[in-house]
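Listed below, chain by chain, are the residues.
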There are 2 protein chains.
Amino acid sequence: MHIHHMTRKEREIKDPQIQNNILKNGKFTTIGLCRDKEPYVVTLSYGYDELQHALYFHAANKGLKLDFIQENQAVCGTIIEDLGYLKDECAHAYRSLVYRGKISIVKDLQEKKEGMEVLFHHLEEDPDPIRDRTLKNDAAYNRVTMIKIEIDHISGKEGYD
Amino acid sequence: MHIHHMTRKEREIKDPQIQNNILKNGKFTTIGLCRDKEPYVVTLSYGYDELQHALYFHAANKGLKLDFIQENQAVCGTIIEDLGYLKDECAHAYRSLVYRGKISIVKDLQEKKEGMEVLFHHLEEDPDPIRDRTLKNDAAYNRVTMIKIEIDHISGKEGYD
């Protein structure tokens, strides 16, 4: 909130360790894509690969987001930690990241498998039951589209907004 | 989540009444803008004006989102109700809206005042303390930029993702 006289505290999160924790703890992210002059946003569960500084998602083999990705690989996304509304301040407490990067479809089977492991380990305490149930063999991977975001730049904020 | 064999239930929310409730109950929204081929997302507290089917926001008088708005008024935004993670399903339960519309800066003082009332009433149980503290006179409104989104199209989903 930016009204003059309004109590407002906000600071940048510059510490890569804290940014990293938000990436590790987040469960879903809203991404913005853009085709010609048309913006598009979609919210997806993700897995974070710390070594590659990349996010993995899976999706159906068809859909609007794939059409957008094929036209433009630039992506801007956000992860929000909602820390609750502040009464009388017209503001929410939060921590958030906004990242920019390149979004692409993973074609390589080996990377698809690794990406799915990243996703399962990020989202599940015990990834075995869901993996065993859903991805029994290589053919099962053909029914899944794996999307990857390579993060180039990240900024963080915490405060009230 | 779209993996074959994975339990996945999702349905469209077509009922305008339910869409309306999500708009009324939400506190913040992530919007996607696009300048040339560059996407941008930002998350903002909002007020919903039911009669106009419009959202109001306020912002500082400068900033990246204003630059984007000046170049392209097309907007796509989302409001998410996070209903919690579903263990062993690699999925979140949620209700969400995605809307498209036109984003603009409100210049007219009278509409700025009305927009600010919408925002206060949406976000606060008792809007008097914050209004009295922050917007004492017309000059105070010059220090605030009011942004409006007129919603043209909306779609809703609920399920696990």
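One can find the structure itself at the top, above this paragraph.
The sections below set out a description of the structure shown in this document. (Residues numbered from 1 in each chain as written. Chains lettered and ligands numbered in written order. Predicted model: local features only at pLDDT ≥ 70, side-chain atom pairs only at ≥ 80, totals over all residues. Heavy atoms only, no water.)

Across its full length, chain A holds five helices and eight strands. When the helices and strands of chain A are placed in sequence order, the string is β-α-β-β-β-β-α-β-β-α-α-α-β. By residue count, 53% of the 161 residues in chain A fall in the buried class. For chain A, restricting intrachain contacts to residue pairs at least 6 apart in sequence, the fraction spanning at least 24 positions comes to 73%. Taken as a whole, chain A presents about 7,400 Å² of accessible surface, with 47% of it coming from carbon and sulfur. (Helix = DSSP H or I, 4+ residues; strand = E, 2+ residues; numbered from the N terminus. Buried < 20%, exposed > 50% of the residue type's maximum accessible area, 1.4 Å probe, protein only. Contact = heavy atoms within 4.5 Å. Areas by Shrake-Rupley, 256 points an atom, 1.4 Å probe, with all protein chains shown as cover.)

This part covers the side chain of T78(A). Topologically, T78(A) is positioned in strand β6 (residues 74–86). With relative accessibility at 4%, the residue T78(A) sits in the buried group. One polar contact links the side chain of T78(A) to the main-chain carbonyl oxygen of L97(A), over a distance of 2.8 Å. Those residues in contact with T78(A) that sit more than four places away from it in its chain are T29(A), T30(A), L97(A), V98(A), Y99(A), T30(B), V41(B) and T43(B). (Polar contact = N/O pair within 3.5 Å; in protein donor to acceptor, adjacent residues only side chain to side chain.)

Inspection of the entire model under this criterion finds two aromatic pairs over all chains. Between Y40(B) and F68(B) the ring centres are 4.9 Å apart and the planes differ by 20°, which places this aromatic pair in the stacked class. Residue Y40(B) is located in strand β3 (residues 38–45), and its partner F68(B) is located in helix α2 (residues 64–71); the two are separated by 28 residues in the primary sequence. For F68(B), a relative accessible area of 0% puts it in the buried group. Stacked on the ring of F68(A), the Lys or Arg R35(A) has its end atom at 4.2 Å from the ring centre. (Phe/Tyr/Trp six-rings, centres within 6.5 Å; stacked < 30°, edge-to-face > 60°. Lys NZ or Arg CZ within 6 Å of the ring centre and 35° of its normal.)

Keep in mind these values describe shape, not function.
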